[in-house]
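Here is what each chain is made of, one letter per residue.
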Amino acid sequence: MSRKIILDCDPGHDDAVALLLAQANPSVELLAVTTVAGNQSLPKVTHNALGIAEVAGITAPIAAGAAGPLVRAARFAGEIHGASGLDGVSLPEPSVALDPRHAVDLIVELVMSHEPGEITLVPTGPLTNIALAVRREPRIVDRVREVVLMGGAARTGNRTPVAEFNILFDPEAADVVFSAGWRVTMAGLDVTHQAVATPDVARRVAAIGGRKADFVVELLEAFGRAYRDVQGFDAPPVHDPVAVAVVIAPELFEIVPAPIAVELTGTHTTGMTVVDLRPWVPRDVPTRVVLGLDRGRFWDLVVDAVR
Ligand code: BDR
Ligand code: CA
């Protein structure tokens, strides 16, 4: 049986791969795509989502959400994703119209109109929309099956030594999401830095041919250049599809229950996800951290989705 998901994203090169995977893999059913400011401004990431939908053949509603963090000023990720949020990639003009509903309303509406435990939320951007949805309709916490998110890090961050971009962009929203009491599975940098797109991945995708494959090849090239120039990676870590893959095939991942708290007031540690991996700490908690993956089988899922 396929798992119904709502993908809340800020496309973004790797968000685009997450969208392609979610649309094409038969183990998940994409109910809606919601956008949030993060990698770039809300109008830009929403425009990108509509263009990607065109390439990926997404017919689910696409709705725009929060234009900025709950409390702090927005700091976009132009150095990685460029001024457009998807630099270096040719995007078709979208023919699909944006859904008129606010993303938060759409999330609440979908969760409340489905059976408890039916919908999984998959955020791959800052957690602003999800936190607002919890505040708008707290009953969603008991109805959502699970939140499987890309964000955070148990060990090393990327925006700061300890903070990952999606969490640091809106730490107060992340705090709401991590402490709500629902099951949260954190696919953070510990695992996504292992999901690197080495040249063999790009070659496999290129061999497929056609518009979707060309799009992904272009995207991996641009992402690879940015990650090499800015963070010194040989091959780019393609973060966001990891969260989708955790929903599709959890058996490919090492997932450990652990208490997770978001640092809001640290002098040097704001935005850190503090993951308690001390062996004697009780593990009967609703939060889990993803620490490892079967890299080959992860890329098989993505390559199959493109095909
Ligand atoms: C995360 O930040 C964004 O730039 C990516 O899309 C990903 O969601 C990685 O830190
Ligand atoms: Ca993202």
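Residues numbered from 1 in each chain as written. Chains lettered and ligands numbered in written order. Predicted model: local features only at pLDDT ≥ 70, side-chain atom pairs only at ≥ 80, totals over all residues. Heavy atoms only, no water.

Description of the coordination of the calcium ion (ligand 2)
The line we're drawing: A 2.8 Å cut-off from the metal defines N, O and S donors, relaxed to 3.2 Å for Na, K and Ca; water is not in the atom list, so some sites may appear incomplete. Only DSSP runs of H or I covering at least 4 residues are called helices, and only runs of E covering at least 2 are called strands; the numbering of each starts at the N terminus. We call a residue buried when its accessible area falls under 20% of the maximum for its residue type, exposed when it is over 50%, and partly exposed in between, using a 1.4 Å probe and counting protein chains only.
Here the calcium ion (ligand 2) is held by D10 (OD), D15 (OD), D15 (OD), T124 (O) and D240 (OD), and the distances to it run 2.3 to 2.6 Å. Binding-site remark: the calcium ion (ligand 2) is held by donors from one chain whose sequence spacing is D-x4-D-x108-T-x115-D. Placement of the pair is D10 in the loop between β1 (3-9) and α1 (13-24) and T124 in the loop between β4 (119-123) and α5 (128-136), with a sequence separation of 114 residues. Given the relative accessible area of 1%, D10 is considered buried.

Re the nonpolar core
Our working rule: To define a nonpolar core, start from buried Ala, Val, Leu, Ile, Met, Phe, Trp, Tyr and Cys residues and group those joined through side-chain atoms within 4.5 Å. The contact rule is simple, with two residues in contact once any of their heavy atoms fall within 4.5 Å.
Grouped together as the largest cluster of nonpolar side chains are 67 residues, with contacts concentrated most on F215 and F253. Per-element tally for this core: the top contributor is helix α11 (residues 211-231), with eight residues. In this structure, F215 is in contact with A16, L20, I52, V55, V89, S90 and L91, ignoring residues within four places of it in sequence.

A word on the side chain of Q40
Condition: Two N or O atoms count as a polar contact when they lie within 3.5 Å, although within protein this holds only if one can serve as hydrogen donor and the other as acceptor, and sequence-adjacent residues are included solely when both atoms are side-chain atoms.
Note that Q40 resides in the loop between β2 (28-35) and α2 (42-56). At 3.1 Å, the side chain of Q40 and the backbone oxygen of G82 are in polar contact. Engagement of the side chain of Q40 in a polar contact is seen with the backbone oxygen of A83, the distance being 3.5 Å.

A closer look at the site of ligand 1
What counts here: Any residue with at least one heavy atom within 4 Å of a molecule or strand is counted as near it. Note that accessible areas follow from Shrake-Rupley with a 1.4 Å probe, and for residues the cover is restricted to the protein chains shown.
As a matter of local geometry, ligand 1 sits amid D14, D15, N39, H81, T124, M150, N158, E164, F165, N166, H239 and D240. D240 has a polar side-chain atom sitting 2.6 Å from an oxygen atom of ligand 1. Coverage of ligand 1 by the protein amounts to 98% of the 280 Å² it exposes when considered alone. Within the residue set of the shell around ligand 1, elements represented by two or more residues are α1 and α7 (165-169).

So, helix α13 (residues 295-306)
What counts, and what does not: A helix is expected to span 1.5 Å multiplied by its residue count minus one.
Taking 1.5 Å of rise per residue, twelve residues should cover 16 Å, and α13 covers 17 Å from first to last C-alpha, within 8% of that figure. Residues of α13 that are buried include every one of F298, W299, L301, V302, V303, A305 and V306, and no others. Where the residues of α13 are buried, they touch α1, α10 (199-208), α11, α12 (240-248) and β10 (287-293).

Considerations on the packing of α5 against helix α8 (residues 171-178)
Formally: The axes are straight lines fitted to the C-alpha atoms, using for helices just the contacting stretch, and the angles between their N-to-C directions are given from 0 to 180°. Geometric relationships in this document are graded by angle, where less than 35 degrees denotes roughly parallel, more than 145 denotes roughly antiparallel, 65 to 115 denotes roughly perpendicular, and other angles denote oblique. Helix crossings fall into two classes, left-handed where the near helix is turned counterclockwise from the far one by less than a right angle and right-handed where it is turned clockwise. The residue classification treats Ala, Val, Leu, Ile, Met, Phe, Trp, Tyr, Cys and Pro as nonpolar and Asp, Glu, Lys and Arg as charged. All others, Gly included, are polar.
At a minimum axis distance of 8 Å, the contact between α5 and α8 shows a crossing angle of 55°. Considered as vectors, α5 and α8 are oriented oblique to each other. Handedness of the crossing formed by α5 with α8: left-handed. Along the contact surface, α5 presents T128, I130, A131, V134 and R135, while α8 presents A173, V176 and V177. Within the contact of α5 with α8, the residues separate by chemical class into six nonpolar, one polar and one charged.

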